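Chain by chain, the residues:
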Amino acid sequence: MDMIFSAFAEVLSPFPLLMNLVGVMVGMIIGALPGLGSVVAISICLPFTFGMQPLQAMALLLGVYCGSTCGGSIAAVLINTPGTPQSAATSIDGYPLARAGKGGVAIGWALASSIFGGLFSCLVLSFAAPSVASFALRFGPLETFGLILMGLTCISSVSGKNQLKGLAAGVIGLLLACVGMSPFTPDARFTFGFYALDGGMDTVAVIVGVFAISEVIDRAERMLHEEPSSVAASSVVKMPRLADYRGRFWLLIKSSIIGTFIGILPGTGATTAAFIAYGEAQRTSPRRDRFGTGEPDSIVAAESSNNAVTGGALVPSLALGIPGDPVTAIMLATFILHGITPGVRLMVDNPGIVYGIFVALAVANLLMWPCCCVTTRIFNYLLKTPEPILMGLITVLCVLGSYGSRGNINDVAVTIGAGIAAYLLRRSGFPMPPIVIGLVLGQQFEMSIGQMMLYKADLGWWEYVSASPIALCLFAVTVLILCMPLLRRAKARS
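Numbering of residues starts from 1 in each chain and follows the order in which that chain's sequence is written. Restriction of local features to residues with pLDDT of at least 70 applies here, the model being predicted, together with a cutoff of 80 or more for giving and counting side-chain atom pairs; totals for whole chains, interfaces and linings are based on all residues. Hydrogen atoms and water are omitted, and side-chain values are computed over all heavy atoms in the structure.

Caption draft 1: Main features of the overall build of the protein chain. Segments assigned H or I by DSSP are reported as helices when at least four residues long, segments assigned E as strands when at least two residues long, and all are numbered from the N terminus. When its secondary structure is counted, the protein chain shows 21 helices and two strands. Exposed residues in this analysis have more than 50% of their type's maximum accessible area, buried residues have under 20%, and partly exposed residues fall in between, with area computed by a 1.4 Å probe over protein chains only. A burial count over the protein chain gives 56% of its 494 residues as buried. Sequence separation of at least 24 residues holds for 78% of the intrachain contacts in the protein chain that already meet a minimum separation of 6. Per-residue and other accessible areas were derived by the Shrake-Rupley procedure at a 1.4 Å probe size, with only the shown protein chains allowed to occlude residues. Approximately 20500 Å² of the protein chain is accessible, and the part contributed by carbon and sulfur atoms is 69%. Contact criterion: two residues are considered in contact whenever any of their non-hydrogen atoms come within 4.5 Å of each other.

Right under this line is the structure:
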């Protein structure tokens, strides 16, 4: 207990607290700019930590991590341009709320859910890091395959009334995930002789094209027949009341659990967590019929899960020295630069640093509230510009963001091509979320299948699958999810 009080006193002292605040603010602004994201934000701030004490450096980087994860939702809600890939699910219902003049309400839901998810994962990190990390190590390729397969079933849920077009859009996303060099053989797939595609389709470039560029083209077409106007927005973040969470609290808890657990699994990330939680909410929410039209349940699920990944990803990083995602890999490098060795001895050798990280993560989540209010006001000035100028600015941001993601000029062509193709698909009645879900989950899906083929060796498939109770449970849940619509129809007929 004395160690915890000491950590609070150190983190809340002036300089570490200032670093935490600066980190959240910088992360929020960079996260709101399309295509940059958490890795870029932390990479920019990393050189400034060299002259700091370890806890001060971690307070800055943890603030950037939390702020950038939440900041992506601001652009996703207000201009339908996800600032980070993990905020793509937020734009599905956040942007319709903004179009109805309730942008402040949508951001309020996103902010409150992000804070809750972050604090929830922080509690898990504080009390259960070693035991949860050891359980996560039991997730091999087969278990990851089962988890991703369960996530892919949400394509059916988000397809709306036309299930066939939704499934076709999901297949398009899976095919986009296969573009480039095979991870297991020296073969290039679907490149059609273009060497620029050997590195695959960048997720940021495709998401920005599918959501933002297609929206710009659609709005430009409507401006030819309608009088241009400014986008309805709100500069005031309106936090939801406790009464608004009636019937949503269990969804908040469940999505935070999903995000924390997926964050613990190395190599998955916040984007996967957001879409799996979104699909689960789409299946179980009593208001699922309103998804896609501005339903807060969708925002609650996506934002609580993607921000819960921040604490979850630190579990294997601190307890085992295994990075949960690219951001925590940079943080591990920061540990080493400051002479601290992460892993099983970290809690024993440097307990003050560990407890300080727990406190700094919790404080960073609380600081997101004022920082989000400031960033939203900055974006509000952007939204007051006339619509033709605004659409031009959004296009410039999309081009810069798609290029800045990897520093590859070919990603700009991918963004524009994806935007044009998505616009044509939208005109034909194809839903956009299944494309992104297929792309995001498809890369992990292919990797887990290839690893299964390598690990299976001479075992039969049933012998290999039955050896994992976790995988069997995941497969059973997947089958149940797929059968539920049929059971509901049979019950309705009877």
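Caption draft 2: Region of interest: empty space enclosed by the protein. Cavity: a set of points on a 1 Å grid over the protein atoms alone where a 1.4 Å probe fits but cannot get out. Pocket: an open set with protein on both sides within 12 Å along at least five of seven lines, its lining residues, like those of a cavity, having an atom within 4 Å of a point. Grid points are joined across faces, edges and corners, and a volume is the space filled by probe spheres set on the points. Using the criterion set out here, one finds one cavity of 30 Å³ or more in the structure. Roughly 50 Å³ of volume is contained in the largest cavity. Taken together, 12 residues form the lining of the largest cavity, with Ile79, Tyr95, Arg219, Met391 and Ile394 sitting closest to its centre. Note on residue categories: nonpolar means Ala, Val, Leu, Ile, Met, Phe, Trp, Tyr, Cys or Pro, charged means Asp, Glu, Lys or Arg, and polar means any other residue, Gly included. The class makeup of the residues in the lining of the largest cavity is nine nonpolar, one polar and two charged.

Caption draft 3: Molecular detail of the pattern of salt bridges. Salt bridge, as used here, is a side-chain nitrogen of Lys or Arg placed within 4 Å of a carboxyl oxygen of Asp or Glu. Going through the model one piece at a time under the given rule, you end up with nine salt bridges. Residues Arg248 and Glu295 are paired through a salt bridge, measuring 3.1 Å at the closest nitrogen-oxygen approach. A residue pair is termed long-range when its members are at least 10 positions apart, and Arg248 in the loop between helix H10 (203-225) and helix H11 (249-264) and Glu295 in the loop between helix H12 (270-284) and helix H13 (296-320) qualify at 47 residues. A relative accessible area of 11% means that Arg248 is categorised as buried. Note that Arg248 is salt-bridged to Asp297, the shortest N-O span being 2.4 Å. Separated by 49 residues along the polypeptide, Arg248 in the loop between H10 and H11 and Asp297 in helix H13 bring together distant segments of the chain.

Caption draft 4: Structural view of the nonpolar core. We call a set of buried Ala, Val, Leu, Ile, Met, Phe, Trp, Tyr and Cys residues a nonpolar core when their side-chain atoms join them within 4.5 Å. Ranked by size, the top nonpolar core spans 134 residues in total, and within it Val210 and Met331 carry the most contacts. Sorting elements by how many residues they give to this core places helix H4 (residues 54-79) first, with 16 residues. Beyond its immediate stretch of four places on either side in the chain, Met331 contacts Ile42, Met58, Leu61, Leu62, Tyr65 and Leu314.

Caption draft 5: Quick look at the confidence of the model for the protein chain. Scored by pLDDT, the protein chain comes out at a mean of 77, with 83% of its residues at no less than 70. The secondary-structure element of the protein chain with the lowest mean pLDDT is helix H8 (residues 154-157), recorded at 64, while helix H18 (residues 410-427) shows the highest, at 88. Within a predicted model, pLDDT stands for the predictor's per-residue confidence, ranging from 0 to 100.

Caption draft 6: Summary view of the environment of Ile409. Mapping Ile409 onto the fold places it in the loop between helix H17 (387-406) and H18. For Ile409, a relative accessible area of 57% gives the class exposed. Separated by 10 residues in the primary sequence, Ile409 and Val399 have C-alpha atoms spaced 9.3 Å apart.

Caption draft 7: Representation of H11. A helix is expected to span 1.5 Å for every residue after the first. Along its 16 residues, H11 runs 23 Å from first to last C-alpha, staying within 8% of the 22 Å computed at 1.5 Å per residue. Summarising burial for H11: 12 of the 16 residues are buried, a large majority. For H11, every residue scored as buried is listed here: Leu251, Leu252, Ile253, Lys254, Ser255, Ser256, Ile258, Gly259, Thr260, Ile262, Gly263 and Ile264.

Caption draft 8: Region of the structure containing the environment of Ala9. Residue placement: Ala9 occurs in helix H1 (residues 2-11). Residues Ala9 and Val359, 350 residues apart in the sequence, show an inter-C-alpha distance of 9.7 Å.

Caption draft 9: Up close: unusual backbone geometry. Residues other than glycine seldom take positive phi values, yet Phe190 does so here, at roughly 55°. Along the chain, Phe190 falls in the loop between strand S2 (188-189) and H10. Under the relative-accessibility criterion, Phe190 is labelled partly exposed at 44%.

Caption draft 10: Structural detail: a nonpolar patch on the surface. Two distance rules govern patches: like charges are joined within 9 Å, and nonpolar side chains (Val, Leu, Ile, Met, Phe, Trp, Tyr) within 5 Å, applied only to residues with over 30% relative accessible area and no salt bridge. The grouping of Val171, Leu175, Phe190, Phe192 and Phe194 at the surface amounts to a nonpolar patch, some 570 Å² of accessible area in total. As for its position among the elements, Phe194 is in the loop between S2 and H10. The exposure class of Phe194 is exposed, given its relative accessible area of 54%.

Caption draft 11: Layout of the packing of aromatic side chains. Paired rings are identified among Phe, Tyr and Trp, the last through its six-membered ring, by centres lying within 6.5 Å, and are further divided according to the angle between planes into stacked (under 30 degrees), edge-to-face (over 60) and tilted (the rest). Enumeration over the complete set of coordinates arrives at five aromatic pairs. Arranged with centres 6.0 Å apart and planes meeting at 70°, the rings of Phe116 and Phe249 form a pair that is edge-to-face. Here Phe249 lies in helix H11 and Phe116 lies in helix H6 (residues 103-136), a separation of 133 residues in the sequence. Judged by its relative accessible area of 24%, Phe116 is partly exposed. Taking 5.7 Å as the distance between ring centres and 50° as the angle between the ring planes, the aromatic pair formed by Tyr278 and Phe291 counts as tilted. Taken together, the residues Tyr278 in helix H12 and Phe291 in the loop between H12 and H13 connect sequence positions 13 residues apart. On the basis of relative accessibility, which here comes to 3%, the residue Tyr278 falls in the buried class. The class of Phe291 is buried, set by a relative accessible area of 10%.

Caption draft 12: Structural view of the packing of helix H5 (residues 88-99) against H12. Their axes nearest at 8 Å, the elements H5 and H12 cross at an angle of 45°. The orientation of H5 with respect to H12, classified from their angle, is oblique. Counting all contacts with H5, which are made through Ala88, Ala89, Ile92 and Asp93, the residues of H12 involved are Ala274, Phe275 and Tyr278. Grouping the amino acids of the contact of H5 with H12 by side-chain chemistry returns six nonpolar, no polar and one charged. Axes, fitted as lines to C-alpha atoms, cover a helix only where it is in contact. Angles between the N-to-C directions of the axes lie from 0 to 180 degrees. Angle categories: roughly parallel below 35 degrees, roughly antiparallel above 145, roughly perpendicular from 65 to 115, and oblique for all the rest.

Caption draft 13: Looking closely at the side chain of Ser87. Here Ser87 shows up in the loop between H4 and H5. The class for Ser87 is buried, based on a relative accessible area of 0%. Any pair of nitrogen or oxygen atoms within 3.5 Å is treated as a polar contact; in protein, a donor-acceptor pairing is required on top of that, and neighbouring residues in sequence qualify only through side-chain atoms on both sides. Of the polar contacts made by the side chain of Ser87, one reaches the backbone oxygen of Gly72; its length is 3.2 Å. Setting aside residues up to four positions removed in sequence, Ser87 forms contacts with Gly72, Ser73, Ala76 and Pro82.

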